Amino acid sequence: MQMLKLHRSTTQAVITSLDMIFNEGRYADKVIEKTLKQNSKWGARDRRFIAETTYDIVRWYRTLRTTTKAEEGDHWKLLAGWLILSDYHMPPWEEFKGVNPKDVLQSYQKLKGIRKIKESIPDWLDELGEQELGNRWSTELTALNEEAPVVLRANTLKTNLRELQEKLYDENVETSLDENFPDALILKQRQNVFTTPSFKEGLFEVQDAGSQRIAPFLHIEPGMRVIDACAGAGGKTLHLAALMKNKGRIVAMDVEQWKLDELQKRARRAGVSNLETRIIENSKSLKRLENSADRVLLDVPCSGLGVLKRNPDAKWKLSPEFITNVLKLQENILADYGTMLKVGGEMVYSTCSILPSENQQQVEKFLKANAGKYTLQEEEHHWPSEGFDGFYMARLKKES
């Protein structure tokens, strides 16, 4: 049994974070960000304990709740279960009274043969995954419960991969390379890279390796006119700008103005100068750009099932109704936003989901509805079991 010295202040921070995530429905990443800002005395080890323990308990929520028989909202009991199943010594604190390690371990042994308990997932989501992916679902589900690596994308407008790696090493950030991802640096140890001089100088963005596949898949060249129609806060937009060497024009669009404001801020730091942002207010916003783009990127809203490694709370916030609504939204975006593409231009449809209903089935439906107008050039699946986030992308050419 390993010893883990629990401190009252950091342990309480974990419990408070869990209360906000489960009782108030807040997003885990925002909660942890807020929690870590509250106490400047916490060192790197304390901060890591708070973040990693909170995420771990969120990830294994169903497993912990079932094996400890915790009532809803009894987050101390979940923490006790996490300590026991992680093989840590449980201190004799009042809050852990009534939790018997032997009972928890026996319960786990008895239930670990049931996939939805072992992999900690709601019944409906387990059924949907199996229905859509068959045998592959078990493999991907196990991978989705692994901790996500932190990956950086070198901003080639300002630096190159080797140069950045050396600079970060001097800033006490060690990274490794992956030959499949030409602009990616993978952190050897999780740490806060946002305080480094390299980040402040705009030399990199934090962007998963799977996500770094999407911009190059668009086959863009400097000088083109490109529309990123679901830009959000713009990680892929900035990648497009780097690939275009700041030449040509990128129009980044979204339905949320605050996301575009955040993108402008990030673009300034990254040294991007060929970017324009536009809010999508109604169909006229799209009409004004009809037949104007050489390339269109549709990184559409989705279930986010491919990124559960880094957003484990999503599995408790998702619902069958959400999936139904998002499928309709994806279909509408594909139908409406393609009008901005010139004849002969190419469009990429992408999601961070692994469900065929959100991916190739949407593309098949679109091609059927637009027979002869578009052709499928290429599609790619990136699976969580390959080590990074799960993504799907398909490139379509507008023929008429």
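Now for a description of the structure that goes with this document. (Residues numbered from 1 in each chain as written. Predicted model: local features only at pLDDT ≥ 70, side-chain atom pairs only at ≥ 80, totals over all residues. Heavy atoms only, no water.)

**Brief notes about the packing of helix H1 (residues 8–22) against helix H5 (residues 75–85)**
Moving on, step 1. Taken N-terminus to C-terminus, the directions of H1 and H5 make an angle of 120°; their axes are 10 Å apart at the nearest point. Every pair of crossing elements has a handedness; the one defined by H1 and H5 is right-handed. Contacts from Arg8, Thr11, Gln12, Ile15, Leu18, Asp19 and Phe22 in H1 reach His75, Trp76 and Leu79 in H5.
Moving on, step 2. Taken together, the residues that form the contact of H1 with H5 break down as 5 nonpolar, 3 polar and 2 charged. (Axes fitted to C-alpha atoms, helices over the stretch in contact; angles between N-to-C directions. Helix = DSSP H or I, 4+ residues; strand = E, 2+ residues; numbered from the N terminus. Left-handed = near helix turned anticlockwise from the far one by under 90°. Contact = heavy atoms within 4.5 Å. Nonpolar A, V, L, I, M, F, W, Y, C, P; charged D, E, K, R; others polar.)

**Concerning H1**
Moving on, step 1. A rise of 1.5 Å per residue sets the reference length of H1, with its 15 residues, at 21 Å; its end C-alpha atoms lie 21 Å apart and thus fit the reference within 8%.
Moving on, step 2. Within the sequence span of H1, burial applies to Thr10, Thr11, Ala13, Val14, Ile15, Ser17, Leu18, Met20 and Ile21.
Moving on, step 3. Considering only its buried residues, H1 is in contact with helix H2 (28–37), helix H3 (44–59), H5 and helix H16 (314–317). (Expected span 1.5 Å × (residues − 1). Buried < 20%, exposed > 50% of the residue type's maximum accessible area, 1.4 Å probe, protein only.)

**Remarks on empty space enclosed by the protein**
Moving on, step 1. Under the defined criterion, the tally for this structure stands at 1 cavity of 30 Å³ or more.
Moving on, step 2. By volume, the largest cavity is sized at about 30 Å³.
Moving on, step 3. Taken together, Ile121, Leu141, Leu144, Asn145, Leu308 and Lys315 make up the lining of the largest cavity.
Moving on, step 4. Counted by class, the lining of the largest cavity contains 4 nonpolar, 1 polar and 1 charged residues. (1 Å grid on protein atoms, 1.4 Å probe; cavity = no way out; pocket = protein on both sides within 12 Å on 5 of 7 lines; lining within 4 Å. Points joined across faces, edges and corners; volume = space filled by probe spheres on them.)

**Notes on the nonpolar core**
Moving on, step 1. Ile50, Ile57, Leu79, Trp82, Leu83, Met90 and Phe96 are the most contacted members of the largest nonpolar core, which has 34 residues in total.
Moving on, step 2. Those elements giving two or more residues to this core turn out to be H1, H2, H3, helix H4 (61–68) and H5.
Moving on, step 3. For this core, the element with the highest residue contribution is H5, accounting for 7 residues.
Moving on, step 4. If we skip the residues at most four places from it in the chain, isoleucine 50 touches Thr10, Ala13, Val14, Thr35, Leu36 and Trp42.
Moving on, step 5. In terms of nonpolar packing, the next biggest core, distinct from the first, is built from 27 residues, Phe217, Met224, Leu240 and Leu263 among them. (Core = buried A, V, L, I, M, F, W, Y, C linked by side-chain atoms within 4.5 Å.)

**Here's the deal with the layout of surface pockets**
Moving on, step 1. Estimates place the volume of the second largest pocket at around 360 Å³.
Moving on, step 2. In terms of lining, the second largest pocket is formed by 15 residues, of which the most central are Leu4, Arg45, Arg48, Phe49 and Thr53.
Moving on, step 3. No other element matches the 8 residues that H3 contributes to the lining of the second largest pocket.

**A closer look at the side chain of arginine 153**
Moving on, step 1. Looking at where arginine 153 falls in the secondary structure, it is placed in strand E1 (residues 151–154).
Moving on, step 2. In this structure arginine 153 is buried but unpaired, with glutamate 205 as the nearest side chain of opposite charge at 5.4 Å.
Moving on, step 3. Within the structure, arginine 153 has its side chain in polar contact with the side chain of glutamine 207 (distance 2.8 Å).
Moving on, step 4. With residues up to four places along the chain from it excluded, the contact list for arginine 153 reads Asp183, Leu203, Phe204, Glu205, Gln207, Gln212, Gly235, Leu238, His239 and Ala242. (Lys, Arg positive; Asp, Glu negative; His and termini not counted. Salt bridge = Lys/Arg side-chain N within 4 Å of Asp/Glu carboxyl O. Polar contact = N/O pair within 3.5 Å; in protein donor to acceptor, adjacent residues only side chain to side chain.)

**Description of the sheet that holds strand E2 (residues 175–177)**
Within a sheet, adjacent strands bond to each other through the backbone by hydrogen bonds, running parallel or antiparallel.
Moving on, step 1. Strand order across the open sheet formed by 4 strands is E2-E3-E1-E4, with antiparallel pairing between neighbours. Since the sheet does not close on itself, it has two edges, and those belong to E2 and strand E4 (204–206), each with one partner. Strand-to-strand twist in this sheet, taken as the mean axis angle between neighbours without regard to direction, amounts to 35°.
Moving on, step 2. In the sheet, E1 pairs with E4 via 3 bridges, with the strands oriented antiparallel. In the strand pairing of E4, alanine 154 is matched with phenylalanine 204.
Moving on, step 3. Docked against the sheet, helix H10 (residues 161–170) engages E1, E2, strand E3 (184–187) and E4, running at close to 160° with respect to E2. (Pairing = 2+ DSSP bridges.)

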